[in-house]
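# A look at the structure
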Amino acid sequence: MPRHSAAVYRRRRLVTLVAAIVLVAVVCVAVWLLMARPWANAAEATPSPSASASDSPTLDPTASESTAAESPSPESPSPESSAEETPGIVACEARDVEVAAVTDADTYDPGVLPQLSISLTNRGSTDCAIDVGSTTQRLTVSSGSDVWWTSTDCQENPSSMVATLTAGATVTSKVPVIWDRTRSSVETCADENRPRAPGGGASYHVAVEIGGFKGTTTKQILLY
């Protein structure tokens, strides 16, 4: 068997040494990767999606309601405290409810403004519920067939209010509606020069309606 030269043995030892170095390097790198795991915190570094206050602005669902409640119509008298809302009460029926117009006087001197109210009487034997809010109220002043003034012509912010009318009880508006002795219309609410109702003992009649029930009679007043 022929003997190799010294150069061949040197090359073989060099190749073996390089291979050993490479193997050691690979093993070291593998061990470092397993221990260090440089990607292990990548998922933790990414913030999880969550809703923020700016994404979902908070709305106040009661804002518009409170505004409406704090702005009652100046032409919306409310019943006395004896008519209070009570759950489970049946609705009033026409045969049990008596509606009437009430005024603070029968005659009015020049310049004195009539104050108009509504009274409700429950003629039935049981309590009943009725909407006494301004949405159901209507006061009308007429002279013969000529309608001079209606409370709903310039009414603002009408609202509903269901109340219990106690059997046998009569309630009257707390705050009267004032008639300014002028002719009303929806077109002239802001007009300061509306036609004024004639005085000199002229007769006018006040009619009222509330909760879908009309007064069976009117109240006569005289203007001087």
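Think of each chain on its own: its residues are numbered from 1, step by step along the sequence as written. With the structure being a predicted model, the display of local features is reserved for residues of pLDDT at least 70 and the display and counting of side-chain atom pairs for 80 or more, all residues being used for whole-chain, interface and lining totals. As a rule here, side-chain values come from all non-hydrogen atoms in the structure, and water together with hydrogens is ignored.

### With respect to the environment of Val 132
Heads up, the condition is: Segments assigned H or I by DSSP are reported as helices when at least four residues long, segments assigned E as strands when at least two residues long, and all are numbered from the N terminus. Residue burial is assigned from relative accessible area. The probe radius is 1.4 Å, only protein chains are included, and a residue is buried under 20% of its type maximum, exposed over 50%, and partly exposed in between.
Along the chain, Val 132 falls in the loop between β4 (128-131) and β5 (138-143). Among the residues examined, Val 132 registers a relative accessible area of 3% and is labelled buried. Distance in space between the C-alpha atoms of Val 132 and Ser 159 is 9.2 Å, their sequence separation being 27 residues.

### Digging into the pairing of strand β6 (residues 146-150)
As a general feature of sheets, a regular strand has side chains that alternate between the two faces. Which entries qualify depends on this criterion: Strand pairing requires that DSSP identify at least two bridges connecting the strands.
Note that β5 and β6 share four bridges and pair antiparallel. Across the sheet, the residue bridging to Val 141 is Trp 149, located in β6.

### Details of the packing of aromatic side chains
Cut-off, in case you're wondering: Whether two aromatic rings pair depends on their centres lying within 6.5 Å, for rings of Phe, Tyr and Trp, where Trp uses its six-membered ring; planes under 30 degrees apart make the pair stacked, over 60 edge-to-face, and the rest tilted. Cation placement over rings: the criterion is NZ of Lys or CZ of Arg within 6 Å of the ring centroid and within 35° of the ring normal.
Enumeration over the complete set of coordinates arrives at one aromatic pair. With a centroid separation of 5.5 Å and an interplanar angle of 65°, the aromatic rings of Trp 179 and Tyr 204 are classed as edge-to-face. Residue Trp 179 is found in the loop between β9 (177-178) and β10 (202-210), and its partner Tyr 204 is found in strand β10; the two are separated by 25 residues along the sequence. Here the basic side chain of Arg 183 rests over the ring of Trp 148, its NZ or CZ set 3.9 Å away from the ring centre.

### A closer look at the state of the cysteines
Test applied: Note that a disulfide, as used here, is simply two cysteine sulfur atoms within 2.5 Å.
Across all of its chains, the model carries two disulfides by this definition. Bridging Cys 92 to Cys 128, the disulfide has an S-S length of 2.0 Å. Across the S-S bond linking Cys 92 and Cys 128, the dihedral sits near 85°, which makes this disulfide right-handed. Placement of the pair is Cys 92 in the loop between α3 (63-69) and β1 (97-103) and Cys 128 in strand β4, with a sequence separation of 36 residues. Judged by its relative accessible area of 10%, Cys 92 falls in the buried class. Through a disulfide, Cys 154 is tied to Cys 189; the S-S separation comes to 2.0 Å. Linking Cys 154 and Cys 189, the disulfide has an S-S dihedral of approximately -95° and is accordingly described as left-handed.

### Notes on the pairing of strand β3 (residues 115-122)
Within β3, seven of the eight residues are buried, which leaves the element mostly enclosed by the surrounding structure. Relative to β3, β1 runs antiparallel, the two sharing seven bridges. Following the sheet pairing, Val 99 is matched in β3 by Leu 120. Summarising the sheet, β3 and strand β8 (residues 170-172) pair through three bridges and their orientation is antiparallel. In the sheet register, Thr 121 faces β8, and the bridge partner there is Thr 170.

### Side note on the nonpolar core
Our working rule: Among buried residues, those of type Ala, Val, Leu, Ile, Met, Phe, Trp, Tyr and Cys that are joined through side-chain atoms within 4.5 Å constitute a nonpolar core. Note on definitions: a residue-residue contact is assigned when non-hydrogen atoms from the two residues lie within 4.5 Å.
Residues Val 99, Leu 120, Trp 179 and Tyr 204 are the most contacted members of the largest nonpolar core, which totals 29 residues. With five residues, the top contributor of residues to this core is β10. Discounting residues that sit within four places of it in the chain, Trp 179 has contacts with Leu 113, Pro 114, Leu 116, Val 141, Trp 148, Trp 149, Ala 197, Tyr 204, Ile 221 and Leu 223.

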